[in-house]
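# Examination of the molecular architecture
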Amino acid sequence: MAARRVVSRNIPALVSRAQAPRTVHLATRMSAPKASQALTATRRLHATAKHLSPATTTAASTATSYPTSHERIAEPVDTQNFLDNQFTSSKASQWIDLYDPATNNLVTRVPQSTDAELKAAVDSAEKAFPEWRKTSLLHRQQIMFKFVALIRENWDRLAASITLEQGKTFADARGDVLRGLQVAETACGITTQLTGELLEVSKDMETRSYKEPLGVTAAICPFNFPAMIPLWSIPLATVTGNTIVIKPSERDPGAMMILAELCEKAGFPPGVVNVVHGAAKTVDFILDEPRIKAISFVGSNKAGEYIYSRASANGKRCQANLGAKNHAAVLPDCNKNHALNAIAGAAFGAAGQRCMALSTLVLVGETKDWIPEIAKRARQLSVNGGFEPGADLGPVISPEAKTRIEAVIASAEKEGAKIVLDGRGFKPEKYPNGNWVGPTIIADVKPHMRCYVEEIFGPVLVCLNVPTIDDAISLINANEYGNGTAIFTRSGPTAARFQSEIEAGQVGINVPIPVPLPMFSFTGNKKSVAGGGASTFYGKPGINFYTQTKTVTSLWRAEDAVATKASVNMPTQS
Ligand code: NAD
């Protein structure tokens, strides 16, 4: 293992460097209902695995035996490719070490799939397409039903893989799985969603439209939702008759590998779903491979803008969901208790590593004095290993992410903002080597500051003060991102005005994270999507993305109809 070239993250410095504890003290207490919810999920986890010797790695896990702790894995198993319904060991010369973010212990090594393996994945998807597209919609629907049932059966196993590799708490990881599962469940209704249109456009002439599959498609996924985001693509791509090559994030592919196993068990024929791995090299292959017709990307602006333009230049369809800076306007007339709880949960849940995390507060008028109460709630959150009972948020994904987040907090201090709650330097006793950043609240932020301009993607809430709702709307509209926004108010007319004037794709009214369920579409806006948001994920636009519309116009003249009465006479014309 040591002899191979390893593309590894720079962790030794983190492990060896003791970080001096700073000012924050995060109590492990939570409000009673929250604590009981988290405990129920964690107790179930431990109860399920009680009489088993739980598998410590994703590779060896089953629906009833999966990782339940952050213990060091004695013999980490390499992540494999999934081609033609087979898990195959990679012949890679480059490997990416994947560490448990709570401990920085090695979990697995992810291959940079070789050129031959990448090509084999597309060969397999291309070979499978002609037969797969010919299967009946009802047959594909049956496979989707089975896939859904298997995801439910393996729900905790998937969540455990996410907690181990991505770091989010087990309860939150179950939510990650659920949001993807719901896309698959909605795809089961494809028999009513894929109907075309028909119109008699002239006498005896009609035009009808069909939605046909594209061929080989691909998905490139981010680290923050290891189950949900692959499931934004797999169900709709396949149920509409396409085949797919997926590149999960090289930072946490475990959930996708379990999903691959479930695809095979559900009855997808070989080649319909394939998984390859790696970083930019794999992405470039996908971008330039002419047989791949469409690419679904979710991730940062840096990667996504490049991917969108290169994919488009190569004549491919591309849907690309990018970064965000989600604002909430808080009005003095709101239900204060609801708003403060919602804000603390949406800002710090998943350690702020959600594209819809509520990262920016716009405090209107007197609500600027509510920050200490938000800080009080934030202090009550338990920052801990995701398998620990009662953990509210886990570590951030990598030592580099931690360093970057801490640098943004430092920049705010330097630029004159006030650090009301400082999560730098926090570490839970049991996990001194993890990538910890505790909940952080920065007040008196101004729009020019780095902490406002950049997507932080950590448990950091930045707060700006404005005198009126008009100022709040102007501030939010001036921001270049437009994924989500929320307003907290009891006034219907104020909410109605906000919803119509605000320039963000997903608006919550007293709802902090307004992600639409999959019967709608994920409708980011502005810089949060590439290509002006013309192709959004799931829902009707998702089906359109994965299909080519064909129209057929036919003329069947009434006078050409064969006469219905049999002729009995001998013909008289020559
Ligand atoms: P990322 O852009 O670093 O990685 C996403 C994917 O792109 C990965 O598979 C990665 O291998 C690949 N990639 C990264 N850099 C690349 C490069 N230079 N060239 C080619 N490919 C490259 O994103 P991430 O850190 O994994 O995810 C976090 C980001 O994703 C945040 O910005 C977040 O807002 C965004 N996100 C957006 C949504 C949304 O729906 N808008 C949802 C989830 C995450």
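Every residue gets a number counted from 1 within its own chain, in the order that chain's sequence is written. The predicted nature of this model means local features are confined to residues of pLDDT at least 70 and side-chain atom pairs, given and counted, to a pLDDT of 80 or more, with totals for whole chains, interfaces and linings taken over all residues. Computation of side-chain values covers all heavy atoms of the structure but excludes hydrogens and water.

## Section: the overall build of the protein chain
The helix and strand tally for the protein chain stands at 18 helices and 22 strands. Burial status across the protein chain gives 57% buried among its 574 residues. Should any heavy atoms of two residues lie within 4.5 Å, those residues are counted as being in contact. For the protein chain, the share of sequence-separated contacts (at least 6 apart) that also reach a separation of at least 24 residues comes to 75%. Areas reported here follow the Shrake-Rupley algorithm with a probe of radius 1.4 Å; residue values treat only the protein chains shown as occluding. Total accessible area on the protein chain stands at roughly 23,900 Å², and carbon and sulfur atoms take up 55% of it. Strands here are runs of E lasting at least two residues and helices are runs of H or I lasting at least four, both read from the DSSP assignment and numbered beginning at the N terminus. Relative accessibility decides the category of a residue: with a 1.4 Å probe and only protein chains considered, values under 20% of the type maximum give buried, values over 50% give exposed, and everything between is partly exposed.

## Quick notes on the site of the ligand
By convention in these notes, a residue is near a molecule or strand provided one of its non-hydrogen atoms lies within 4 Å of it. The environment of the ligand is made up of 25 residues, and the closest members are C221, E250, R251, S300 and E455. For the purposes of these results, a polar contact is taken to be a pair of N or O atoms within 3.5 Å, where, inside protein, one atom must be able to donate a hydrogen and its partner to accept one; residues adjacent in sequence count only when each atom of the pair is a side-chain atom. For the ligand, an oxygen atom lies 2.7 Å from a polar atom in the backbone of C221. F223 is positioned with one of its backbone polar atoms (N or O) 3.0 Å from an oxygen atom of the ligand. Protein chains shield 87% of the accessible area of the ligand, which is 840 Å² for the free molecule. Under the convention adopted here, Pro, Cys and the residues Ala, Val, Leu, Ile, Met, Phe, Trp and Tyr are nonpolar, Asp, Glu, Lys and Arg are charged, and Gly plus all remaining residues are polar. In terms of residue class, the shell around the ligand is made up of 15 nonpolar, six polar and four charged.

## Quick notes on the environment of P541
Along the chain, P541 falls in helix α18 (residues 539–545). Through-space distance from the C-alpha of P541 to that of F520 is 8.8 Å; in sequence the pair is 21 residues apart. Sequence-distant contacts of P541, that is, excluding residues within four places in its chain, are made with S521 and T536.

## Some points on the sheet that holds strand β6 (residues 198–202)
Within a beta sheet, neighbouring strands are joined by backbone hydrogen bonds and run either parallel or antiparallel to one another. With antiparallel pairing, three strands are arranged side by side in an open sheet as β6-β7-β22. The outermost strands of the open sheet, each flanked by one partner alone, are β6 and β22 (547–555). Taken pair by pair, the neighbouring strands of this sheet meet at an average axis angle of 30°, ignoring direction. By definition, two strands form a pair when at least two bridges between them are found by DSSP. Note on geometry: axes are lines fitted to C-alpha atoms, helical ones only across the stretch in contact, with angles between N-to-C directions running from 0 to 180 degrees.

## Quick notes on the pairing of strand β11 (residues 292–298)
Burial within β11 is extensive, with six of its seven residues counted as buried. Summarising the sheet, strand β8 (residues 216–220) and β11 pair through five bridges and their orientation is parallel. Across the sheet, residue A218 finds its bridge partner in β11, namely I295. With five bridges connecting them, β11 and strand β12 (residues 317–321) associate as parallel partners. Opposite A294, over in β12, you have R317 as the bridge partner. The parallel pair β11 and β12 is bridged by helix α11 (residues 301–313), and the resulting crossover is right-handed. Handedness of a crossover is defined as follows: with both strands directed away from the viewer, a clockwise route from the first strand across the helix to the second makes it right-handed.

## Things to note about the confidence of the model for the protein chain
As a per-residue measure, pLDDT reflects the predictor's confidence and takes values from 0 up to 100. Of the residues in the protein chain, 90% have a pLDDT of 70 or more, and the chain-wide mean is 91. Of the regions scoring below 50 in pLDDT, residues 1–53 engages in 99 contacts with residues more than four places distant in sequence or in other chains.

## With respect to the pattern of salt bridges
Any two side chains of opposite charge can pair if their charged atoms end up close together. Any Lys or Arg side-chain nitrogen located within 4 Å of an Asp or Glu carboxyl oxygen qualifies as a salt bridge. The full count for this structure, using the stated rule, is 29 salt bridges. A salt bridge links D123 to R291; the nearest nitrogen and oxygen atoms lie 2.7 Å apart. Of this pair, D123 sits in helix α3 (residues 115–134) while R291 sits in the loop between α10 (280–288) and β11, and the two are 168 residues apart along the sequence. Here D288 and R310 are joined by a salt bridge, their closest N and O atoms 2.3 Å apart. Residue D288 is found in helix α10, and its partner R310 is found in helix α11; the two are separated by 22 residues along the sequence. Here the salt bridges share partners, and the residues they tie into one network are K119, D123, E126, E289 and R291.

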